Amino acid sequence: MTRTTSKKLFDRACKVIPGGVNSPVRAYGSVNLDPPFIIRGRGSKIYDVDGNEYIDYVGSWGPMILGHAHPSVVEAIRDRVARGASFGAPTILEIEMAELLCDALPSIEMVRMVNSGTEATMSAIRLARGYTQRKKIVKFAGCYHGHVDSLLVEAGSGATTLGVPDSAGVPDEFTRNTLSAIFNDLDSIDTLIDNCGTEIAAIIVEPVAGNMGTIPPQPGFLEGLRERCTKHGIVLIFDEVMTGFRVAYGGAQTLYNIKPDLTCLGKIVGGGMPVGAFGGKRDIMEHLAPLGGVYQAGTLSGNPLAMAAGIVTLRTLKNENPYPELEKNAAYLGDGIDALFSEYKVPHVCNRVGSMLCTYFTATPVNNYSNAQTSDCERFAKYFASMLEQGIYLAPSQFEAGFVSAAHSPDDLDRTLAAVKVALEAI
Ligand SMILES: *Cc1c(COP(=O)(O)O)cnc(C)c1O
């Protein structure tokens, strides 16, 4: 497989775009390669500018659960754009989207649309602080909630320590009120609550952690968070930007039957267009401007193109209910990978929730961020390179989830498993 055109384009991109990319992980830095430039996609496949075909398990980092260029989504966008892309005025589409979200997610009574997952978490945090009149927030090590200043706190500092910013350009004053806890560890939360429970506005969590691979919540973890938040007047925020409409139509909160106070959404909700949303209990949401004192706004929020793509995606998911099939296919793939790694005696852990999965190059069970960090990333990079060479497009990092879409066929899965075998022979 050659990628000479991609290589030329990457060199050209690097002259005018920092690192050649508009989001860092696309640069393939952690696998020491140059990225293919993608020219089109259809169903489970994407194609690069050199004419190579790949079976895609990135799915634009989550949104493409129906596969690429799904005919209904293409038609909905085409139909809308011809009637005007944006008005900055109310449209029926916004009501239809809000009704779909309130209907799908048991905890959402009202919802506001934004343009990215980052905006959703940023706004939900501000709302929780305005509502509780408290300053501190708690996040979990290894959970990613977009590039909000106060949420760019590394996890490595461990529970009970005050947040240290992860990025240059974030003054430590901005993360002073961010506390870090350990995923799947209620003791780390209890310590924080004992120290300053009455100052905590919100606990924000990915109910299935998808930005340190794939880590399911252990039994009792989400329930424990719910109990503690209720007891101490803390707003529980589920960041379901990745898990919403992914692990179940109604998200992780439906799968695990836990009602958060606020929920953040994005990715699938936009059907491939830029989108985010946050919603929850009516009495909290009514604190938002123009009803309440918490300011939040957006020129393109709820724009017709994103709403049209999102609505048709959600309706298709509701009507066709691909979730049992996704579960079956992802289990087939995950179990197949697990068996091959065992056969080749490569230390590994396969974690999976529905159609989200991750194979870690470690023998340590992965239940939190420090467990995940025991992975052999060099070995992952070799595995990744072999898979890419064989036309299997995985996320270029050990710490990302892979996604099976409704467009993946049994043949795609078998071809992927055949490639895994070759990759394991090579490493
Ligand atoms: C992708 C993601 C975000 C950020 O969404 P953007 O649209 O990239 O800003 C936030 N939270 C979670 C859990 C995500 O997976």
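Residues numbered from 1 in each chain as written. Predicted model: local features only at pLDDT ≥ 70, side-chain atom pairs only at ≥ 80, totals over all residues. Heavy atoms only, no water.

> Give a description of the site of the ligand that names residues and reports values.
In the vicinity of the ligand, the contacting residues are Ser-116, Gly-117, Thr-118, Tyr-144, His-145, Gly-146, Glu-206, Asn-211, Asp-239, Val-241, Met-242 and Lys-267. Within the backbone of Gly-117, one N or O atom sits 2.8 Å away from an oxygen atom of the ligand. (Near = heavy atom within 4 Å. Polar contact = N/O pair within 3.5 Å; in protein donor to acceptor, adjacent residues only side chain to side chain.)

> Describe the pattern of salt bridges, and please don't skip the residues or the numbers.
Counted under the stated rule, the structure contains 15 salt bridges. In this structure, Asp-103 engages Lys-318 in a salt bridge whose closest nitrogen and oxygen atoms are separated by 2.9 Å. Here Asp-103, found in helix α3 (residues 92-104), pairs with Lys-318, found in helix α10 (residues 304-320); they are 215 residues apart in sequence, far enough to count as distant. Between Asp-261 and Arg-226 there is a salt bridge whose closest N-O contact spans 3.1 Å. Residue Asp-261 is located in the loop between α8 (251-255) and β9 (262-266), and its partner Arg-226 is located in helix α7 (residues 221-232); the two are separated by 35 residues in the primary sequence. As far as the burial class goes, Asp-261 and Arg-226 line up, both buried. Here the salt bridges share partners, and the residues they tie into one network are Lys-7, Asp-11 and Asp-34. (Salt bridge = Lys/Arg side-chain N within 4 Å of Asp/Glu carboxyl O. Helix = DSSP H or I, 4+ residues; strand = E, 2+ residues; numbered from the N terminus. Buried < 20%, exposed > 50% of the residue type's maximum accessible area, 1.4 Å probe, protein only.)

> Account for the sheet that holds strand β11 (residues 349-353), with residues named and values stated.
With respect to topology, three strands assemble into an open sheet ordered β11-β12-β14, the strand pairing being antiparallel. The open sheet is flanked by β11 and β14 (402-403), the only strands paired with a single partner. In this structure, strand β12 (residues 356-360) lies alongside β14, joined through two bridges in antiparallel fashion. Each bridged residue has a counterpart across the sheet, and for Met-356 the counterpart in β14 is Phe-403. (Pairing = 2+ DSSP bridges.)

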